[in-house]
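# Remarks on the overall topology
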Amino acid sequence: AVLVGGWALGRRHRIAGVSPVVWLVAAGLTIPSILLSVATSYGQIGFPGLGGSPNLFAFYSSATRAWEFGVGALLVLMTGRIARLSVKICQLFGIVGSALVIGAALLISDAQVFPGLVVVVPVVGAAAIIVSGHVWEGGLRILESRVLVWVGDLSYSWYLWHWPTLVFARTHLSDRWWVLIGAATISLIPAYLSLRYIETPF
């Protein structure tokens, strides 16, 4: 509702191509969301009526994860400024961003509170990689490979389908790593069908 309202106001009060209202909506959703995420991750705020721990609320709630989409929205609003960055700066963004994403994948574990503050690392890393691609056309070519582009197109459907598949495998088959990897791989089938016959047409 806030996004639709912001869009409507933005159409009426457009200044120099981008309405200040759009900035206010994006920042107004992003900042409270990250504050709520941190507070619930560390148990500073709880919602007893919803059941479960504050940390579970932080992980599963749209309200506490909206800031991650907000970062992407703010990048879109800054596209004009990003396009004026030098190639060297974009190369640096690409290298640092890649290091943050890979480091997060290797080092974040159950030992850390998640999402907490540690989730900032992969989000900032992804944002840095996106920024690098605006100017540094020769960089991070690996991301342009057919396989990775295919996985990227499929990633949201795969994200949705892998979880019920893993839960089914753990409950009815086994918790061994090779079973879980097999289950995640098999979930590519409904993910592809979902992308092909639901996401793409609609």
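Note: the structure precedes this text.
Residues numbered from 1 in each chain as written. Predicted model: local features only at pLDDT ≥ 70, side-chain atom pairs only at ≥ 80, totals over all residues. Heavy atoms only, no water.

## Points about unusual backbone geometry
This is how it is decided: Secondary structure elements are defined from DSSP: runs of H or I of at least 4 residues count as helices, runs of E of at least 2 residues count as strands, and each element is numbered from the N terminus.
With omega at 10 degrees, the peptide bond leading from Phe114 into Pro115 counts as cis. Take Pro115: it is sitting in the loop between helix H6 (87-107) and helix H7 (120-135).

## What about the packing of aromatic side chains?
For the record, the criterion: The criterion for an aromatic pair is that two Phe, Tyr or Trp rings (for Trp, the six-membered ring) have centres within 6.5 Å, with stacked assigned to planes under 30 degrees apart, edge-to-face to planes over 60 apart and tilted to the rest. Charge-over-ring placement is defined geometrically: NZ (Lys) or CZ (Arg) within 6 Å of the ring centre, and within 35 degrees of the ring normal.
Within the structure shown, the criterion is met by three aromatic pairs. When the centroid spacing of 4.8 Å and the interplanar angle of 80 degrees are considered together, the rings of Phe59 and Tyr60 count as edge-to-face. One aromatic cluster is present, built from ring pairs that chain together Phe59, Tyr60 and Phe114. The cationic tip of Arg65 hangs over the ring face of Phe59; the distance from NZ or CZ to the ring centre is 5.2 Å.

## Some details on the side chain of Ser37
The test is simple: The criterion used for residue contact is that any of the two residues' heavy atoms lie within 4.5 Å.
Take Ser37: it is sitting in helix H2 (residues 20-41). The residues contacting Ser37, other than those within four sequence positions of it, are Ala58, Thr64, Trp67 and Pro115.

## Focus: the environment of Trp161
Assignment of secondary structure puts Trp161 in helix H8 (residues 146-172). Once the C-alpha coordinates of Trp161 and Leu188 are considered, the two residues, 27 residues apart in sequence, prove to be 7.7 Å apart. Once residues within four sequence positions are removed from consideration, Trp161 is found in contact with Ser187, Pro190, Ala191 and Ser194.

## A word on helix H10 (residues 188-199)
The following threshold applies: Only protein chains enter the area calculation, which uses a 1.4 Å probe; residues under 20% of their type maximum are buried, those over 50% are exposed, and those in between are partly exposed. This arc is built from the directions going out from the helix axis to the C-beta atoms.
Within H10 the residues assigned to the buried category are Leu188, Ala191, Ser194 and Leu195. Seen end-on, H10 carries its buried residues on one side only, within an arc spanning 120 degrees. For H10, exposure combined with an orientation more than 90 degrees from the buried face picks out Ile189 and Tyr197. Against H8 and helix H9 (177-186) lie the buried residues of H10.

## So, the side chain of Ser174
Stated formally: Pairing of N or O atoms within 3.5 Å defines a polar contact, subject to two protein rules: one partner must be a possible hydrogen donor and the other a possible acceptor, and residues neighboring in sequence count only if both atoms are side-chain atoms.
As for its position among the elements, Ser174 is in the loop between H8 and H9. Separated by 3.0 Å, the side chain of Ser174 and the backbone nitrogen of Arg176 make a polar contact. Excluding residues within four positions of it along the chain, Ser174 makes contact with Ala169, Val179 and Leu180.

Function cannot be inferred from these measures alone, as they are strictly geometric.
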